[in-house]
Amino acid sequence: MDTGFSPGLCSGDPDGNSLFFAFREQSALLNGTEDRLSLPRFSQIKPFLPQGVSLFCLGSVESRPVFCLDPFADAFIPETEALHYHKMRISRALPLPEAGWLYTAWHLWSWYRRNRHCGLCGSGTAFSATERALVCTKCGQPFYPVISPAVIVAITCGDYLLQVSTTYGEKNRFALVAGYVEAGETLEHAVRREAMEETGLELKNLEYLGNQPWGFSGALMFAFHAEADRHAPLTLQESEIAAARWIHRKDLPMGDNPVSVSYSLIEQFLNGKW
């Protein structure tokens, strides 16, 4: 699914209706309460801009430039009566287009923050004037936004879907098998390896379904469907997987993050695609 956020170079000044992204640590500044959230506009932000900090154009949405504070600065926008910082995971409560825009803005902003210094010589970096990149001010080495390929797979057996709960996530929160692609792997090999490592299952009838940028973790998620024998023993990777279960279609709850490709895979299963 395309987020509709164009990360190319942009210029210009914000008007009152321009989208403005503000982050602090692992949180984003949003309008409203948890049951009704939206992205801030520049007219709300302008009275609270810190002195001496320039604005930065992150990209564009629907051909309109969107802005944030200079990512190299350590300043932040304070909370107001209407605007509050929320942990990034709360973005699942945003409408579909806005959630995708927020994930992409976070991806870019956090990448800039982590690359204020050159990884080769340690000197400072500067924004490139010709492309979406950072350039070392001393050795000239360019750096580009890091995008990590990852895979996610809906593993089914008839009317059953396999779900796993990780050791590092929310307790008793079940999801699909997923993981990052390693150096030298094809996407298909990564899917089979992740399934074998996490559950001990061998996959068959592997099918590629699509992909989705996932700026929350800086990933590009490649989605698959595969089949496995639900009667085969499950061998869990104890360092990462706390539990695994085969759940019948009629007992499967819908996910709570409709912007995610995981939600789409579960929705397809519930609608009888497999």
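Engineer: Even after reading the chapter, I still don't get the pairing of strand β12 (residues 148-157), so can you show me in this structure?
Structural biologist: Every regular strand shows the same layout, with side chains that alternate between the two sheet faces. Within β12, seven of the 10 residues are buried, leaving the element largely enclosed by the surrounding structure. In terms of strand pairing, β12 meets strand β16 (residues 219-227) through nine bridges, oriented parallel. Paired with Val 153 across the bridge in β16 is Phe 224. Here four bridges tie β12 to strand β14 (residues 177-180), and the two strands are oriented antiparallel to one another. From the neighbouring strand, Ile 152 faces β14, where its bridge partner is Ala 178. Note that β12 and strand β13 (residues 160-166) share two bridges and pair antiparallel. By the bridge assignment for β13, Cys 157 is matched with Tyr 160. The antiparallel hairpin formed by β12 and β13 contains two residues in its connecting segment, where Gly 158 sits at a positive phi of about 60°.

Engineer: Even after reading the chapter, I still don't get the pattern of salt bridges, so can you show me in this structure?
Structural biologist: A side chain with one charge may pair with a side chain of the opposite charge, provided their charged atoms come close. Considering all chains together, one arrives at nine salt bridges under this definition. As a salt-bridge pair, Glu 194 and Arg 193 come within 3.1 Å of each other at their nearest N and O atoms. With respect to class, Glu 194 is no different from Arg 193; both count as buried. In this structure, Arg 193 and Glu 197 form a salt bridge, with 3.1 Å as the shortest nitrogen-oxygen distance. Within this pair, Arg 193 and its partner Glu 197 are both found in helix α3 (residues 187-199), separated by four residues, close to a single helical turn. Residue Glu 197 is classed as partly exposed on the basis of its relative accessible area of 33%. What you see here is one network of salt bridges that share partners, running through Glu 182, Glu 185, Arg 193, Glu 194 and Glu 197.

Engineer: What is the right way to look at helix α4 (residues 261-270) in this model?
Structural biologist: In an α-helix, one full turn covers 3.6 residues, which means residues spaced three or four apart are oriented alike. Taken together, the buried positions of α4 are occupied by Val 261, Ser 262, Tyr 263, Leu 265, Ile 266 and Phe 269. Among the residues trailing α4, Gly 272 stands out with phi positive, at a value near 85°.

Engineer: I would appreciate a short explanation of the layout of surface pockets in the present structure.
Structural biologist: Over the atoms rolls a probe the size of a water molecule, and in doing so it shows where empty space is left. In this structure, the largest pocket occupies an estimated 1,300 Å³ of space. As for the largest pocket, its lining consists of 46 residues, of which Arg 89, Ile 152, Ala 175, Leu 176 and Ala 178 are closest to the centre. Residue assignment for the lining of the largest pocket shows that the elements contributing at least two residues are β12, β13, β14, α3, β15 (204-214), β16, β17 (241-248) and α4.

Engineer: Can you help me understand the side chain of Glu 98 in this one?
Structural biologist: By the secondary structure assignment, Glu 98 is in helix α2 (residues 96-114). With no salt bridge to any partner, buried Glu 98 finds its closest opposite charge in Arg 41, at an N-O distance of 4.5 Å. Residue contacts for Glu 98: discarding those within four places in its chain leaves Ser 38 and Leu 39.

Engineer: Would you explain the sheet that holds strand β9 (residues 125-127) in this entry?
Structural biologist: Whenever strands of a sheet pair, they do so through backbone hydrogen bonds, lying parallel or antiparallel. Spatial strand order, β9-β10-β11: three strands in an open sheet with antiparallel pairing. Strands with a single pairing partner mark the edges of an open sheet, and in this sheet they are β9 and β11 (142-143). By the bridge criterion, three bridges tie β9 to strand β10 (residues 134-136) in an arrangement that is antiparallel. Within β10, the residue paired with Ala 126 across the bridge is Val 135.

Each value, and the rule that gives it
- Just so you know, the residues in each chain are numbered from 1, in the order the chain's sequence is written.
- In keeping with the model being predicted, local features are shown solely for residues with a pLDDT of at least 70 and side-chain atom pairs are shown and tallied solely at 80 or more, while totals for entire chains, interfaces and linings include all residues.
- Side-chain figures throughout are based on the complete set of non-hydrogen atoms in the structure, without hydrogens or water.
- Under the scheme applied here, a residue whose accessible area is under 20% of the maximum for its type counts as buried, over 50% as exposed, and between as partly exposed, the area being computed with a 1.4 Å probe on protein chains only.
- Working definition: helices are DSSP H or I runs of at least four residues, strands are E runs of at least two. Numbering for both runs from the N terminus.
- Strands qualify as paired when DSSP identifies two bridges or more between them.
- In what follows, salt bridge is the name for a side-chain nitrogen of Lys or Arg lying within 4 Å of a carboxyl oxygen of Asp or Glu.
- Lining residues are those with an atom within 4 Å of a point, where the points come from a 1 Å grid over the protein atoms alone and group into cavities, where a 1.4 Å probe fits but cannot get out, or pockets, open sets with protein on both sides within 12 Å along at least five of seven lines.
- Grid points are joined across faces, edges and corners, and a volume is the space filled by probe spheres set on the points.
- When charges are tallied, Lys and Arg are placed among the positive residues and Asp and Glu among the negative ones, while His and the ends of the chain are skipped.
- In this analysis, two residues are considered to be in contact whenever any of their non-hydrogen atoms come within 4.5 Å of each other.

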